[in-house]
Each structure stands twice: as structure tokens, then as C-alpha cells.
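# Understanding the architecture of this molecule
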Amino acid sequence: MPAKIYLVVPCYNEEEVLPETTRRLTEKLEEMIASGRASADSRILYVDDGSADRTWEIISRQHEENPMVLGLKLAHNRGHQNALLAGLMAAKDEADCAVSMDADLQDDVDALDEFADKFAQGCDIVYGVRNKRDTDTFFKRASALAFYRLMQILGVDMVYNHADYRLMSRRALDALSEYREVNLFLRGLVPLIGYRCDYVYYDRHERFAGESKYPLKKMISFAIDGITSFSVKPLKIISNLGLIVSALSVLGLLYALISWATGNVVAGWTATVSSIWLLGGLQMLCLGVVGGYIGKIYSEVKARPRFRIEEYLRPEDEDEEKKRKK
Ligand code: UDP
Ligand code: MG
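Residues numbered from 1 in each chain as written. Chains lettered and ligands numbered in written order. Predicted model: local features only at pLDDT ≥ 70, side-chain atom pairs only at ≥ 80, totals over all residues. Heavy atoms only, no water.

### Points about the overall build of the protein
Selection rule: For the purposes of this entry, the term helix denotes a DSSP run of H or I that reaches at least four residues, the term strand denotes a run of E that reaches at least two, and both are numbered from the N terminus. C-alpha atoms define the radius of gyration in this analysis, and the globule rule sets the expected value at 2.2 Å times the number of residues to the power 0.38. The cut-offs for exposure are 20% and 50% of the maximum accessible area for each residue type, with area from a 1.4 Å probe on protein chains only; residues under the lower value are buried, those over the upper are exposed, and the others partly exposed.
Along the backbone of the protein there are 11 helices and 8 strands. The globule rule puts the C-alpha radius of gyration for 326 residues at 20 Å, and the 25 Å found for the protein is more than 25% above it. Once the C-alpha set of the protein is aligned to its principal axes, its extents read approximately 95 × 40 × 35 Å. In the protein, which comprises 326 residues, the proportion classed as buried is 44%.

This is how it looks when you write it as C-alpha cells:
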């Protein structure tokens, strides 16, 4: 029997792209239904991440006109990862598997066939991996590469060049729901689930309308989140750095004592001042790293809800079923 697939698409101020995205995704789903890859009750589930523009209005209208479109509205902007999780958790209770993708169709829609085939072959998680990054700016390419390398050094298991284009079975989604962390970094989390997985390779296009919702500031904080959520190595590096600096300062002290004993006490102003700055800087950096982890503990301990659902435009047949039951 073909699988019931939900395409989970987080949207933040995406009014420009939604009409085209729905058209393309509906077309693709219909094609997949026709080829026996998806069941007829497969759906597109948009998650409105507290958009300030007409995104929700468009989703609601599309839901009325197009039986394939479902909508989940979050009460406020919680960021891409939380919005995605909200959608996946809704899909978990209804679909056999869910594929997460961006609203801007940068991820190749035609790769969905292969995702469904791998799922049918028994994979619980299928990662979409980008072939090359030639549609990215040089800066984005270089920073992404540096980030993956860094994560590797820090011992975090991540799929290279995989963003959040990914299929997860209901079983994998159930497992994901057991990870309760507030600082979400799904790319690091999903490989921890450990069920059978496979990869689908695709070319990533350019965003066809609208602007990226990931400016540099968000990208950096996302990367830092990824590191501090999955690795305590920075804390170890700090301790080692502290040891090295302490050893060096003993040498410095010896040198100062010898200079003093030989009567060679010229006021080394430059050296003094520069070492104060260097050590002060290092200390502040180290405190900052420690502070970053403490901040995380603080937000995890509070365990506040990761998202709040304001409205859910469900599949129509379910609505009717509920009404009948009443
Ligand atoms: N997004 C979101 N909440 C946010 C920021 C982004 O739901 O706070 C969504 C956005 O609508 C898009 C996806 O996350 O569907 C990826 O964002 P974008 O395409 O802007 O990122 P980029 O591809 O430039 O990294
Ligand atoms: Mg994008």
C-alpha cells in the first residue's frame, strides 16, 4: 500500500512564494499518488511561524480551495527549527512519514520520488544531501564548510551538506518526540535516533522569490547553538588553554626573578601591558564560553514549551468524522 506522506513546510513571511510553492507541491503530490508512491490522503502541511505578512491568510484560503493543503499556525515566531518540529509532531499522529522542506523550493521537489522509494524499502530516515553548492554565495559556501569541519572536530555526528530536507518515518518521529531539549538543532539530533537511514542526492536551486529569512546574525547563532548543544569540547579546550597559560606564566615568573637577581630591571611596560590585554581577553573569552553553556542549562531547566499552536486547519475528512461523532 502506498504511504501517507506529509510534506511539512515551515513558513515565515513567505507570501511571495506560497502560491507557486503550493502549485508545485500539489502537482508533485498528485504525480506521486498516480505513480503509487503516495496514498491519496497525502498532504502539504504549512506551519506559519508567526508571520507578520499575509502568509496565514494565504494558507487559510488555499486550505479551503485545495484539499491537499493543511495549515498549522504558531502563536508567535519561534524560529525555523521550532516551527519544523511543530509540523513534524502534528504529522506524527496522522501520516506514515513526513518530509520536511523549505517554503522557497530551494530543495529539488523531484527528489521526493526517491525519498518515497527509500521509505518503501524500509528506511526510517532519508537525508537529502546537496550535490554542490554553486547557487550559494561564496561567503555562505565557505562558512558552511568551516562549520561542518568544526562540528567534525568537535565530535558531532552530522550529515555533510544536509540541511533540513529529510524524510522521517512515524517511528523516527516518535523517537524524535522523546528528545525534549529547548535549544533545537535537528540536524544534530536526528542522527542520534539511529534507525536505518539512507541518502538522496539533489541539486539545490536559488530561492525563486522573497529574501532569505536567515541573515548572518541568525546563521551564526544557529551554528553556535549547534556546537553548544552537542559538544562539551569547548569547555575542555578552555581547561587545556588555562593549563598552558599557567605553565607559561611560571616560566615568565622565573624569567622576571632572574632578571631581578641580575639587576636587570628595566621597566618592560610594553610586555606588561600586552600580556594583561592578552590574558584579560582570553579570560573573557573563556568566561563567555562557560556562560554560553550555563545559559543553555538555564533555558533547558525551565523547560518552557517550544511552540504554541494557535490554530490547526486539519484534513477535511477528519473534520467531518469529528462532527459526525458529536
Ligand atoms: N523560517 C521559519 N521561521 C523563521 C525563519 C525561517 O519558519 O524564523 C522558514 C522559512 O520560511 C523557510 C525556511 O525556514 O521556509 C528556511 O528559510 P530560508 O529559506 O529563508 O533560509 P535559507 O534557505 O536562506 O538558509
Ligand atoms: Mg531558503
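From this point, things continue past the structure.
### A look at the pattern of salt bridges
For clarity, the threshold we go by: Note on definitions: salt bridges are taken to be side-chain nitrogens of Lys or Arg within 4 Å of carboxyl oxygens of Asp or Glu.
Counted under the stated rule, the structure contains 23 salt bridges. The salt bridge partner of Arg-166 is Asp-164, with a shortest N-O separation of 2.8 Å. Three or more residues joined by partner-sharing salt bridges are found here, namely Lys-28, Glu-31, Arg-37, Asp-110, Asp-113 and Asp-117.

### A few points about the packing of aromatic side chains
Counted only if it meets this: Two rings belonging to Phe, Tyr or Trp (six-membered ring only in the last case) form a pair when the distance between their centres is within 6.5 Å. Interplanar angles under 30 degrees mark stacking, angles over 60 mark edge-to-face geometry, and anything in between is tilted.
According to the stated counting rule, one finds 9 aromatic pairs in the structure shown. With a centroid separation of 4.8 Å and an interplanar angle of 50°, the aromatic rings of Phe-115 and Tyr-165 are classed as tilted. Of the two residues, Phe-115 sits in helix α4 (residues 112-120) while Tyr-165 sits in strand β6 (residues 162-169), which places them 50 residues apart along the sequence. On the basis of relative accessible area, Phe-115 is assigned to the buried category, the value being 0%. The exposure class assigned to Tyr-165 is buried, which follows from its relative accessible area of 0%. Among the aromatic residues, those joined into a ring-pair cluster are Phe-147, Tyr-148, Tyr-160, Phe-185, Tyr-214, Phe-222 and Phe-230.

### Thoughts on the confidence of the model for the protein
For the record, the criterion: A residue's pLDDT is the predictor's confidence in that residue, given on a scale from 0 to 100.
A residue-level look at the protein finds 95% of positions with pLDDT of 70 or above and a mean pLDDT of 88. Between the elements of the protein, mean pLDDT differs from a low of 55, seen in helix α11 (residues 316-325), to a high of 98, seen in strand β4 (residues 97-100).

### Some remarks on the sheet that holds strand β8 (residues 309-313)
Formally: By this definition, two strands are paired if DSSP reports at least two bridges between them. Convention adopted: a line fitted to C-alpha atoms gives each axis, helices being fitted over their contacting stretch, and angles between N-to-C directions are expressed from 0 to 180 degrees. We call two residues contacting when some pair of their heavy atoms lies within 4.5 Å.
Strand order across the open sheet formed by 8 strands is β7-β5-β6-β4-β1-β2-β3-β8, with mixed pairing between neighbours. Only two strands of the sheet have a single neighbouring strand rather than two, namely β7 (197-202) and β8. In this sheet, adjacent strand axes meet at a mean angle of 20° when their direction is disregarded. As judged from the 5 bridges shared by strand β2 (residues 43-48) and strand β3 (residues 69-74), these two strands associate in the parallel manner. In the strand pairing of β3, Leu-45 is matched with Leu-70. Relative to the sheet, helix α1 (residues 18-34) contacts β1 (5-11), β2 and β3, its axis offset from that of β2 by approximately 155°. Along the sheet, helix α3 (residues 80-92) makes contact with β1, β2, β3, β4, β6 and β8, crossing β1 at roughly 155°.

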